[in-house]
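A structural walkthrough
Given next are the chains, with one letter for each unit.
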Amino acid sequence: GMNVVSTESSLVEYEISEGIGILTLNNPRRRNALSTEVLQTLKGHLDEVSESGDVRVVIIRAAGPVFSSGHDLGELLQGDEEEHSALFHLCTTAMEMIRLMPQPVIAQVQGMATAAGCQLVATCDLAVAAQSAMFATPGVHNGLFCTTPGVALARAVPRKKAMEMLLTGDPIDAKYVKEIGLINDHYPASILEEEVLKLAKKITSKSNLTVKIG
């Protein structure tokens, strides 16, 4: 059984089980948009995790049909320039925290990952998706060219493939993103969780020190 550690904010749930820290984006009604509130909550949990001696590997997953739709466009349309830059800064900070965590971080992508949601997948050390999951960086369509997702994407996949995704904005499937190296693997949705846990347990069974050095 999972023991839920903190429940004060259900926007991002955090639980620890057998050395595995599981963070679940839990706002399916808003398609798990990375709003200021969600990013702040996520950051708080990431802080907790990176300090924790009990957690050897982290899984970031999401509730509902969409992994994450990226920035909350409503929030962006309402805010002024200062608020936008604060939100982007917060997003960058959260992503950098994931990159610099002492523990390896696995993205468990059960559904569509768009824009900053796609950036989140690219930022994690490992990523495993459902075969039905789709990925897109559609900033080009709504006038917000995704420059920050572009950085993470270019780190994860060959530059020309990254540019193609960024410039066309077309959604691409799990098979293709595995070929270009954005995800490690994909499985039928019914066994995704099981396969990710298997991978996480394989990592926790290796020497913790070796993983940190790596």
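No experiment lies behind these values; they were computed from the predicted model shown. (Residues numbered from 1 in each chain as written. Predicted model: local features only at pLDDT ≥ 70, side-chain atom pairs only at ≥ 80, totals over all residues. Heavy atoms only, no water.)

Here we come to the overall build of the protein. When you go through the protein residue by residue, the secondary structure sums to nine helices and 11 strands. Taken across its 214 residues, the protein has 49% of its residues classed as buried. For the protein, long-range pairs separated by at least 24 residues make up 69% of all intrachain contacts whose partners lie at least 6 apart in sequence. If you sum the accessible surface of the protein, you get close to 10400 Å²; carbon and sulfur atoms cover 53% of it. (Helix = DSSP H or I, 4+ residues; strand = E, 2+ residues; numbered from the N terminus. Buried < 20%, exposed > 50% of the residue type's maximum accessible area, 1.4 Å probe, protein only. Contact = heavy atoms within 4.5 Å. Areas by Shrake-Rupley, 256 points an atom, 1.4 Å probe, with all protein chains shown as cover.)

Of note, Thr24 is situated in strand S3 (residues 20–25). Looking at Thr24, the relative accessible area reads 7%, which means it is buried. Within the structure, Thr24 has its side chain in polar contact with the side chain of Arg61 (distance 2.9 Å). Apart from the residues lying within four places of it in its own chain, the contact partners of Thr24 are Leu11, Val12, Glu13, Arg61, Ala62 and Ala63. (Polar contact = N/O pair within 3.5 Å; in protein donor to acceptor, adjacent residues only side chain to side chain.)

Attention now goes to the environment of Pro28. With respect to the helices, strands and loops of the structure, Pro28 is situated in the loop between S3 and helix H1 (36–51). As a C-alpha pair, Pro28 and Ser69 span 41 residues in sequence and 10.0 Å in three-dimensional space.

Our next topic: the pairing of strand S2 (residues 12–17). For S2, a buried count of five out of six residues is recorded, marking the element as mostly surrounded by other parts of the structure. Across six bridges, S2 lies against S3 in antiparallel orientation. In the strand pairing of S3, Glu15 is matched with Ile22. Hairpin connection from S2 to S3: two residues lie between these consecutive antiparallel strands, with Glu18 at a positive phi of about 50 degrees. (Pairing = 2+ DSSP bridges.)

Along the chain, Arg56 falls in the loop between H1 and strand S4 (57–62). Judged by relative accessible area, which is 29%, Arg56 ranks as partly exposed. On a C-alpha basis, the gap between Arg56 and Gly21 in space is 7.6 Å, while along the polypeptide they are 35 residues apart. Looking at Arg56, its side chain comes within polar contact range of the main-chain oxygen of Thr204, at 3.2 Å.

Another point: the pairing of S4. Among the six residues of S4, six are classified as buried, and the element is accordingly described as predominantly covered. The pairing of S4 with strand S6 (residues 105–109) spans three bridges and is classified as parallel. Within S6, the position partnered with Ile60 by the bridge is Ala107.

Attention now moves to the sheet that holds strand S9 (residues 134–136). Strand order in this open sheet of four strands is S5-S7-S9-S10, and the pairing throughout is mixed. Looking at which strands have only one partner, the edges of the open sheet turn out to be strand S5 (66–68) and strand S10 (172–173). Of the strand pairs in this sheet, strand S7 (residues 112–114) and S9 are connected by two bridges, and their pairing is parallel. Of the residues in S9, the one forming a bridge with Thr114 is Ala136. Contacts between helix H4 (residues 116–123) and the sheet are confined to S5, S7 and S9, with S7 contributing the most and set at about 100 degrees to the helix. (Axes fitted to C-alpha atoms, helices over the stretch in contact; angles between N-to-C directions.)

The next thing to look at is the packing of helix H3 (residues 81–100) against H4. A packed helix pair is summarised by two numbers, namely the angle formed by the two axes and the spacing between the axes. Packing of H3 against H4 brings their axes to within 9 Å, and their N-to-C directions diverge by 20 degrees. In terms of axis orientation, H3 runs roughly parallel to H4. The chirality of how H3 crosses H4 is right-handed. On the side of H3, the interface is formed by Cys91, Met95, Ile98 and Arg99, while H4 contributes Ala116, Gln119, Leu120 and Thr123. Residue composition of the contact of H3 with H4, grouped by class: five nonpolar, two polar and one charged. (Parallel < 35°, antiparallel > 145°, perpendicular 65-115°, else oblique. Left-handed = near helix turned anticlockwise from the far one by under 90°. Nonpolar A, V, L, I, M, F, W, Y, C, P; charged D, E, K, R; others polar.)

To continue, consider the pattern of salt bridges. Should their charged atoms come close, side chains of opposite charge can pair. Enumeration according to the criterion identifies eight salt bridges in this entry. Linking Lys178 and Asp185 is a salt bridge whose minimum nitrogen-to-oxygen distance equals 3.0 Å. When its relative accessible area of 36% is taken as the criterion, Lys178 is described as partly exposed. Taken together, the shared-partner salt bridges in this structure form one network comprising Glu15, Arg61 and Glu193. (Salt bridge = Lys/Arg side-chain N within 4 Å of Asp/Glu carboxyl O.)

Distances and angles like these do not, on their own, reveal function.
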